[in-house]
2 protein chains.
Amino acid sequence: MKHKYEEVEESIINWAVTAKFKPHEKIPTESELMKMFNVSRHTIRKAIGDLVSMEYVYRIQGSGIYISDLAEDKENLKNTKNVAVLTTHISNYIFPSIIKGMEDTLYLESYSLLLSSTNNNVMFENSNLKNLLAHKIDGLILEPTKSAYPSQNIGYLNNIISRNIPFVTINASYSELNVPSLRVDDFKGGKLAANHLISLGHTRLMGIFKVDDSQGINRMNGFISECQSNNIPPSPWQILTYLSEEIGSSLPSKIENALKTKKRPTAIFCYNDEIAYITLTIANNLNIKIPEELSIIGFDDSHLAVMMQPNLTSISHPKEQMGKDAANLIIKLINNNNSFDAGDSILYEPKLIVRESTCKNIAKH
Amino acid sequence: MKHKYEEVEESIINWAVTAKFKPHEKIPTESELMKMFNVSRHTIRKAIGDLVSMEYVYRIQGSGIYISDLAEDKENLKNTKNVAVLTTHISNYIFPSIIKGMEDTLYLESYSLLLSSTNNNVMFENSNLKNLLAHKIDGLILEPTKSAYPSQNIGYLNNIISRNIPFVTINASYSELNVPSLRVDDFKGGKLAANHLISLGHTRLMGIFKVDDSQGINRMNGFISECQSNNIPPSPWQILTYLSEEIGSSLPSKIENALKTKKRPTAIFCYNDEIAYITLTIANNLNIKIPEELSIIGFDDSHLAVMMQPNLTSISHPKEQMGKDAANLIIKLINNNNSFDAGDSILYEPKLIVRESTCKNIAKH
DNA sequence: ATAAATTTGTGCGTATGTATC
DNA sequence: GGATACATACGCACAAATTTA
């Protein structure tokens, strides 16, 4: 047997959803409800109080109890699922491709998509996570911010896990958390890039790496590993590292200095196509010919690669597909009560795309 | 003097935010609270009941009352504003540019951005609006869906207005609603395109227009108006209209048929660069040389324009700037208690960008 | 325009049920 | 099993806002 207040609540919700009483229409008074349900005023007040906090009805002192204007939709809303997507960027660079994959997939399955971005700023990741937790979300696709460092927001992520909200990461993963991740094999990508340059006869290699996310660290380690395998011991000046915040400030002059040295590199592997573009521009200003005097290879195979002159050799990976896969996985988890195993994670194979910005080493030693 | 239950609530909220009791920590029992505040059990239960529905605390029958894990953040969340953005698309075509403008601006002002898309589907606009209304949003930037037709979702939009939630539209506007709108002068854009083709000596003009959004209607009217001003009376076969849903299905064959006619046009104005690209591809297949045998002009000056061979002549307008302006306007409205006037709307001036896809008419008559 | 009636809001007391420890 | 603590339920009195006569 149900509690009495529950019976009252269910009846009134029923009035609302069947439009027996329409939005803003007055329903019976407390004393009438007492008689109708044969219960005390306390019970009626408890029931109405619950309905008010659920926003099915609202009360006006001295006037009456009225149906809320959203009451009819409440039941439908229970069936529309919200997937939150929190990435470092939304509208820049390769992110539209990734998000397009998610958007298309989620649209087909009638899911709603809530997108936010962190600008690779931990504080913003924090406030966005809080915000999402306050909303009712049914799943979360997260690109970790500053993934090279231990996450300061691990508490919120654990909160999501403890609430059993389906949760997957893209582009990077958390060693502390057991959640499926979809990411590129950046280590292998770094090896591929180094191998390409070495096979072209280059020995004075340089790598430029972002070191505040794990993608950069992995690409750097792959690059160094491949150099060592080919007996090209990496020396400190071969590796230029930077943080996200430096892109607009100190990084360009660092690159310029590296290109001004007498024994400048004959080939550079850049963290991504954006850095490759910056490097190309600096080389142009220094009258260094690409690729004859300097080979440049990027990463991500973005639209920038074919917009640059010369077209950029780059490491490619399936961006839109990762978005699709992430969306399909989160849908699967939502339908499966969040049960997953190691097989749900995907490590994408990077692929070398040779264009015009790399060529055989013709420097005189 | 406050009500007693309010005093109890405030004290307990204070315990939570000052971390006198930490998340998941047990607070005094109901009878202890009765003694502490010198009130009845009923008053304590009323206070705790409110705090439960506000998610500051949770109760376990037989055990006690505990601080919720989000309690500490509740106060901060009141200060983070959420701006919802609902557009037809997010990650396609010119939308990343528009959204980048919003994202950058809102990020700088510490606003959170909630993005959703409708795919130009009225049902999806409907469910997304419901969803946003259920969430707590502080402002809405909306691109109307199927803006050539009277909006079926006008009820929800009126709901937003009656709640005094700041609300602006982009790309199109609602004649039924008094809200600021930021949009391109599509009529003038249509005139510009027609004028360019006519000034190149073309007289057999054709226009391809999407007619389920007002942008297409306005561009068509501008095109026709300019033709008439130049004594080139538009005949039915000069105007090809289509609906969003036809792009992947019947539209290409319609275009192909138009290009196969004996007296085919010597110049075509396309609703946007995507349609221009489709038209160009069809023309290529029919061995029609662009621009020698057929001039093509697009609209939007998207990235497609410079990716096509030959580069596309197009009508340009400030996309990222519109995003920035929309974000700044919604921030202003949020800070100004939603007071606006006609001066807040912006009509952007379209600009002709001549590239390689249009040339003088050299067809023999 | 005012007073009375109606309706919701606050607050106290009591009894009994049920889950936890 | 017993004590504790929250949950449900009834009743009463008065306050405050609104509606109606």
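For the structure, see preceding data.
Per chain, the residues get numbers from 1 upward, laid out in the order the sequence is written. Both sets of labels track the order of writing: A upward for chains, 1 upward for ligands. Per-residue local features are limited, in this predicted model, to residues with pLDDT of at least 70; the limit for side-chain atom pairs, both in listing and counting, is 80 or more; totals at the level of whole chains, interfaces and linings are taken over all residues. Side-chain metrics in this entry use all non-hydrogen atoms of the structure; hydrogen atoms and water are not considered.

Draft legend 1. Structural detail: the protein's contact with DNA strand C. Around DNA strand C lies a shell of 23 residues, among which A:Arg41, B:Lys4, B:Tyr5, B:Ser40 and B:Thr43 are the nearest. One heavy atom suffices: a residue is near a molecule or strand as soon as one of its heavy atoms comes within 4 Å of it. Each atom of DNA strand C within 4 Å of the protein belongs either to a base or to sugar and phosphate, the latter forming 69%. Think of a polar contact as two N or O atoms within 3.5 Å of one another; within protein, one of them needs to be a possible hydrogen donor and the other a possible acceptor, and neighboring residues in sequence only count if both atoms come from side chains. Take A:Arg59: an N or O atom from its side chain is 3.1 Å from a phosphate oxygen of DNA strand C. B:Gln61 places a side-chain nitrogen or oxygen 3.0 Å from a base oxygen of DNA strand C. Strands here are runs of E lasting at least two residues and helices are runs of H or I lasting at least four, both read from the DSSP assignment and numbered beginning at the N terminus. Elements with a contribution of two residues or more to the surface near DNA strand C: α3 (41-53), β2 (57-60) and β3 (64-67) of chain A together with α1 (4-17) and α3 (41-53) of chain B. With four residues, the top contributor of residues to the surface near DNA strand C is α3(B). Per-class residue counts for the surface near DNA strand C are four nonpolar, twelve polar and seven charged. Classification used: nonpolar for Ala, Val, Leu, Ile, Met, Phe, Trp, Tyr, Cys and Pro, charged for Asp, Glu, Lys and Arg, polar for all others including Gly.

Draft legend 2. Molecular detail of the sheet that holds strand β2 (residues 57-60) of chain B. Residue and element names in this part refer to chain B. Here we have three strands laid out as an open sheet, ordered β1-β3-β2, and antiparallel in their pairing. At either margin of the open sheet sits one strand with a lone partner, and together these are β1 (26-27) and β2. Alignment of β2 against strand β3 (residues 64-67), held across four bridges, turns out to be antiparallel. Of the residues in β3, the one forming a bridge with Tyr-58 is Tyr-66. The sheet contacts of α3 involve β1, β2 and β3, and relative to β2 the element is tilted by about 115°. A pair of strands is treated as paired once DSSP finds two or more bridges between them. Any two residues whose heavy atoms approach within 4.5 Å at even a single point are treated as in contact. For helices, the fitted axis covers only the stretch in contact; all axes are lines through C-alpha atoms, and the angles between them, taken along N-to-C directions, range from 0 to 180 degrees.

Draft legend 3. Geometry of the protein's contact with DNA strand D. Looking at DNA strand D, there are 23 residues lining it, with A:Lys4, A:Tyr5, A:Ser40, A:Thr43 and B:Glu30 nearest. A share of 70% of the atoms of DNA strand D within 4 Å of the protein falls on sugar and phosphate groups. The side chain of A:Thr43 places a nitrogen or oxygen atom 2.3 Å from a phosphate oxygen of DNA strand D. Listed by contribution, the elements that provide at least two residues to the surface near DNA strand D are α1 (4-17) and α3 of chain A together with α3, β2 and β3 of chain B. If one sorts the elements of the surface near DNA strand D by residue count, α3(A) sits on top with four residues. Across the surface near DNA strand D, the residue classes break down as four nonpolar, twelve polar and seven charged.

Draft legend 4. Focus on the sheet that holds strand β1 (residues 26-27) of chain A. All names here are of chain A. The three strands are arranged β1-β3-β2 in an open sheet whose pairing can be described as antiparallel. The open sheet is flanked by β1 and β2, the only strands paired with a single partner. Relative to β3, β1 is paired through two bridges, and the arrangement is antiparallel. Paired with Ile-27 across the bridge in β3 is Ile-65. Where α3 meets the sheet, its contacts fall on β1, β2 and β3, and the angle it forms with β2 comes to roughly 115°.

Draft legend 5. Spotlight on the pattern of salt bridges. A pair is scored as a salt bridge if a Lys or Arg side-chain nitrogen falls within 4 Å of a carboxyl oxygen belonging to Asp or Glu. The tally for this structure, following the rule as stated, stands at 41 salt bridges over all chains. Note that B:Asp212 is salt-bridged to B:Lys146, the shortest N-O span being 2.8 Å. Here B:Asp212 is found in the loop between β9 (205-210) and α9 (214-229), whereas its partner B:Lys146 is found in the loop between β6 (139-142) and α7 (154-162), with 66 residues between them in sequence. Buried means the residue's accessible area, taken with a 1.4 Å probe over protein chains only, is under 20% of the maximum for its type, while exposed means over 50%, and partly exposed covers the values in between. We classify B:Asp212 as buried; its relative accessible area is 0%. Judged by its relative accessible area of 11%, B:Lys146 falls in the buried class. A salt bridge links B:Asp186 to B:Arg219; the nearest nitrogen and oxygen atoms lie 2.7 Å apart. Of the two residues, B:Asp186 sits in helix α8 (residues 186-199) while B:Arg219 sits in helix α9, which places them 33 residues apart along the sequence. A relative accessible area of 1% means that B:Asp186 is categorised as buried. The exposure class of B:Arg219 is buried, given its relative accessible area of 5%. Beyond isolated ion pairs, a larger network of salt bridges with shared partners links A:Glu30, A:Arg41 and A:Arg45.

Draft legend 6. Examining α1(B) more closely. All names here are of chain B. Between its terminal C-alpha atoms α1 stretches 20 Å, which fits the 20 Å expected from 14 residues at 1.5 Å a residue. Taken residue by residue, α1 has Val-8, Glu-9, Ile-12, Ile-13, Trp-15 and Ala-16 as its buried positions. Angular distribution of buried residues about the axis of α1 spans 155°; they occupy a single face of the element. Check the buried side of α1 and you find it contacts β1, α2 (30-37), α3, β2, β3 and α4 (71-77). Where α1 ends, the next residue or the one after it, Ala-19, has phi of about 60°, a positive value. The span one expects for a helix is its residue count, reduced by one, times 1.5 Å. This arc is taken over the directions from the axis of the helix to the C-beta atoms.

Draft legend 7. Fine view of the relation of the copies chain B and chain A. To superpose the copies, least squares is applied to the C-alpha atoms of every residue with a pLDDT of at least 70 in both. Placing chain B over chain A gives an RMSD of 0.2 Å and needs a rotation angle of 180°, together with 0.1 Å of translation along the axis. Those values place the two copies in the arrangement expected of a two-fold rotation axis. When the interface residues of chain B are mapped onto chain A, 100% of them again fall at the interface, so both copies present the same face.

Draft legend 8. Quick peek at the side chain of B:Glu30. Relative to the helices and strands, B:Glu30 is located in helix α2. In this structure, B:Glu30 is in contact with B:Arg41, B:Ile44, B:Arg45, B:Arg59 and B:Ile65, ignoring residues within four places of it in sequence.

Draft legend 9. Geometry of unusual backbone geometry. In the segment running from A:Ile290 into A:Pro291, the intervening peptide bond is cis, with an omega of 5°. Positionally, A:Pro291 belongs in the loop between α11 (273-285) and β12 (295-299). Residue A:Pro310 is reached from A:Gln309 by a cis peptide bond, and omega for that bond is -5°. Mapped onto the secondary structure, A:Pro310 falls in the loop between α12 (303-307) and β13 (313-316). The backbone phi angle of B:Tyr93 is positive, close to 55°, even though this residue is not glycine. Relative to the assigned elements, B:Tyr93 resides in the loop between β4 (82-87) and α5 (95-108). Even without a glycine there, the phi angle at B:Asn338 is positive, about 65°.

Draft legend 10. View of the interface of chain B and chain A. On the side of chain A, 41 residues touch chain B, which itself brings 41 residues to the contact. Joining chain B to chain A, the criterion identifies six salt bridges. A salt bridge links B:Lys136 to A:Glu55, with the nearest nitrogen and oxygen atoms 3.8 Å apart. Our count for the contact surface shared by chain B and chain A stands at 25 residue pairs in polar contact (both at pLDDT 80 or more). At the level of secondary structure, the elements contributing two or more residues to the side of chain B that touches chain A comprise α3, α4, α5, β5 (112-117), α6 (122-134) and α7 of chain B. Residues that form the side of chain B that touches chain A fall into these classes: 14 nonpolar, 19 polar and eight charged.

Interpretation in functional terms is not warranted from these geometric data alone.
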